[in-house]
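So the chains spell out like this:
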Amino acid sequence: MSELRFPENFVWGAATAAYQIEGAARDDGRGESIWDTFSRTPGKVFAGHTGDVACDHYHRYADDVALMAELGLAAYRFSVAWPRIRPDGTGPVNPRGLDFYDRLTDALLDRGIDPIITLYHWDLPQALQDRGGWTSRETAEHFADYALAVYSRLGDRVRTWTTLNEPWCSAYLGYGNGVHAPGEQDAGAAFRAVHHLLLGHGLAARALRAAGAQTVGITLNPADVAPADPDSAADAAAVRLVDGLQNRIFLDPLTGAGYPADVLEHVARMVEPTFVRDGDEKIIAAPLDLLGINYYSPTYVAGRPDGGGSSAYPGTEGTVEFLPATGPVSDMGWQIEPAGLTRLLVRIGTDYPGLPLMITENGGAFPDDAASLAPEGSGRIADTDRIAYLDGHLRAAHEAISRGVDLRGYLVWSLLDNFEWAEGYRKRFGIVHVDYLNQRRTPKSSARWYQEVISRNGL
């Protein structure tokens, strides 16, 4: 393969999320989140796993930051746990919760690592869920207040602020098909959640910018949606519908175009969108300095009257068939197709010009058990499948740059093996292996490979 170099000042880093790694679920005044409740509900998470301990990053952050520095990371994207800052979602700020992120931020900066904060990565305070969660407008308002509380403590040192991580998952998986917290199954609730998440983003972005934040963005998980048959009109209609539910329902209002008419028409078949008030779309369109892109796999669809659809895409039943993965797949069963990342980045760069992009999550889960894969005495996990996955996707990202896409950086998912939501601890995405019995960290071969990529700024 040819040698590739990324642009000067391209940002290399890694990403994690609070509930997936922190543990310390009851320490220092932290309140309950919807994931605490969900994971303790029988049958919701594999083997009853919870994030109570996770990777114990709350207590081991200094060692983890040292490991980041060893690998040469220039940036680290982490999320702040809302229940640590405001245990009931509103009310007084918990200073001990902010103290942790204060210590983490300083540790990163001391090592020359730029902190990138995500304010919401799915761990809504349970007290707010009890009042409607993201189906309620007040949650959006409380989110802006919480964002400002975090900025007031860390804004003098943190330059990059992202409001939400993957609102598609929060809305459709949390309120639509119920496979994620809070576990509701209501199409109308899912669409109300979409709007209030976006409204919360807009309110928070406006508050952050007024307070002096330098870079404000949001992270989405847009899909490269492709037809089973490029020449089929029915398949093209299926692509349009799924693209509307996954991509345009977020990207259009965020960039000032408002909700697409065809998407609103689709939503109205399940719930009257009276929750969208005059002026909301203007708030949602708060200027963006950065759009985070999380990508793992493409989506292939066909338009068929007997299509089973997906409860994660409300209203696709009897219209759309989501095609099973073909070719190589990750341990999640997700199709491995780096070219999908190129197509997605080029499409976003073309349809939403002038918006700087960053790959904020990309990685692969593979069954790299330490005992079975490490050569005897080597202490190394030879995760060649993950290296191949990352190499392919970095080449795809480079191709997008060569086509004119303004891509500013790449953050691997994830630094550490961690709590993989409804899959518990049975899926491993980390470039660093975590032994959950003793919390020992072991860099995998992919970590050393990534270290070399960073050092040469390329492949």
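My aim in this report is to walk through the structure given alongside it, one point at a time. The structure presented is a predicted model; accordingly, all values stated were derived computationally and were not measured. (Residues numbered from 1 in each chain as written. Predicted model: local features only at pLDDT ≥ 70, side-chain atom pairs only at ≥ 80, totals over all residues. Heavy atoms only, no water.)

## Brief notes about the packing of helix H3 (residues 57-71) against helix H5 (residues 95-110)
Stage number 1. Where H3 contacts H5, the two axes come as close as 9 Å, and the packing angle between them is 15°. The angle between H3 and H5 falls in the class roughly parallel. By crossing handedness, the relation of H3 to H5 is classed as right-handed. Contacts between H3 and H5 involve His57, Tyr58, Tyr61, Val65 and Met68 from the first element and Arg96, Phe100, Arg103, Leu104, Ala107 and Leu108 from the second. (Axes fitted to C-alpha atoms, helices over the stretch in contact; angles between N-to-C directions. Helix = DSSP H or I, 4+ residues; strand = E, 2+ residues; numbered from the N terminus. Parallel < 35°, antiparallel > 145°, perpendicular 65-115°, else oblique. Left-handed = near helix turned anticlockwise from the far one by under 90°. Contact = heavy atoms within 4.5 Å.)

## Here we look at the nonpolar core
Stage number 1. Counting 149 residues, the largest nonpolar core has Trp35, Tyr101, Tyr120, Trp161 and Tyr450 as the members making the most contacts within it.
Stage number 2. In terms of residue count, the dominant contributor to this core is helix H9 (residues 187-211) (12 residues).
Stage number 3. Discounting chain neighbours no more than four positions away, the residues touching Tyr450 are Trp12, Gly13, Leu73, Tyr410, Val412 and Ile431. (Core = buried A, V, L, I, M, F, W, Y, C linked by side-chain atoms within 4.5 Å. Buried < 20%, exposed > 50% of the residue type's maximum accessible area, 1.4 Å probe, protein only.)

## Quick notes on the packing of helix H8 (residues 167-176) against H9
Stage number 1. Where H8 meets H9, the closest approach of the two axes is 8 Å, and the angle between their N-to-C directions is 155°. The angle between H8 and H9 places the two elements in the roughly antiparallel class. Handedness of the crossing formed by H8 with H9: right-handed. Residues Pro167, Ser170, Ala171, Tyr172, Tyr175 and Gly176 of H8 pack against Ala189, Ala190, Phe191, Ala193, Val194 and Leu197 of H9.
Stage number 2. Tallied by class, residues from the contact of H8 with H9 come to 10 nonpolar, 2 polar and no charged. (Nonpolar A, V, L, I, M, F, W, Y, C, P; charged D, E, K, R; others polar.)

## Thoughts on the pattern of salt bridges
A side chain of one charge can pair with a side chain of the opposite charge if their charged atoms are brought near each other.
Stage number 1. Under the definition given, this model contains 39 salt bridges.
Stage number 2. Residues Arg159 and Asp114 are paired through a salt bridge, measuring 3.1 Å at the closest nitrogen-oxygen approach. Here Arg159, found in the loop between helix H7 (137-154) and strand S4 (160-165), pairs with Asp114, found in strand S3 (residues 114-120); they are 45 residues apart in sequence, far enough to count as distant.
Stage number 3. Look at Arg159 and you get partly exposed, because its relative accessible area is 42%.
Stage number 4. The salt bridge partner of Arg408 is Asp406, with a shortest N-O separation of 2.7 Å.
Stage number 5. On the accessibility criterion, Arg408 (40% relative accessible area) is partly exposed.
Stage number 6. Judged by relative accessible area, which is 35%, Asp406 ranks as partly exposed.
Stage number 7. Several salt bridges share partner residues, and in doing so they unite Arg26, Arg30, Glu32, Asp36, Arg40 and Asp52 into one network. (Salt bridge = Lys/Arg side-chain N within 4 Å of Asp/Glu carboxyl O.)

## Digging into the packing of aromatic side chains
Stage number 1. This model, assessed by the stated rule, comprises 38 aromatic pairs.
Stage number 2. Here Tyr76 and Phe78 contribute two aromatic rings whose centre-to-centre distance is 5.6 Å and whose plane-to-plane angle is 25°, an arrangement assigned as stacked.
Stage number 3. Between the aromatic rings of Tyr120 and Phe143, the centroid separation amounts to 6.4 Å while the plane-to-plane angle is 80°, which identifies the pairing as edge-to-face. Of this pair, Tyr120 sits in strand S3 while Phe143 sits in helix H7, and the two are 23 residues apart along the sequence.
Stage number 4. Given the relative accessible area of 0%, Phe143 is considered buried.
Stage number 5. Taken together, the aromatic side chains of Tyr19, Trp35, Phe38, Trp122, Phe419, Trp421, Tyr425 and Tyr436 make up a single cluster linked through ring pairs. (Phe/Tyr/Trp six-rings, centres within 6.5 Å; stacked < 30°, edge-to-face > 60°.)

## Description of helix H16 (residues 445-456)
Stage number 1. Its 12 residues place the ends of H16 17 Å apart at the C-alpha level, agreeing with the 16 Å of an ideal helix rising 1.5 Å per residue.
Stage number 2. Along H16, the residues that are buried comprise Ser445, Ser446, Ala447, Trp449, Tyr450, Val453 and Ile454.
Stage number 3. The elements touched by buried residues of H16 are strand S1 (11-15), H3, helix H15 (384-402), strand S11 (407-413) and strand S13 (440-443).
Stage number 4. Among the residues trailing H16, Asn457 stands out with phi positive, at a value near 55°. (Expected span 1.5 Å × (residues − 1).)

## Some words on the sheet that holds strand S9 (residues 320-322)
Stage number 1. Taken together, 3 strands build an open sheet; the order of strands is S6-S8-S9 and the sheet is mixed. The open sheet has two edge strands, strand S6 (225-227) and S9, and neither has a second partner. With strand direction ignored, the average angle separating the axes of adjacent strands in the sheet is 40°.
Stage number 2. Relative to S9, strand S8 (residues 299-303) is paired through 3 bridges, and the arrangement is antiparallel. Bridge assignment links Gly303 to a residue of S9, and that residue is Val320. (Pairing = 2+ DSSP bridges.)

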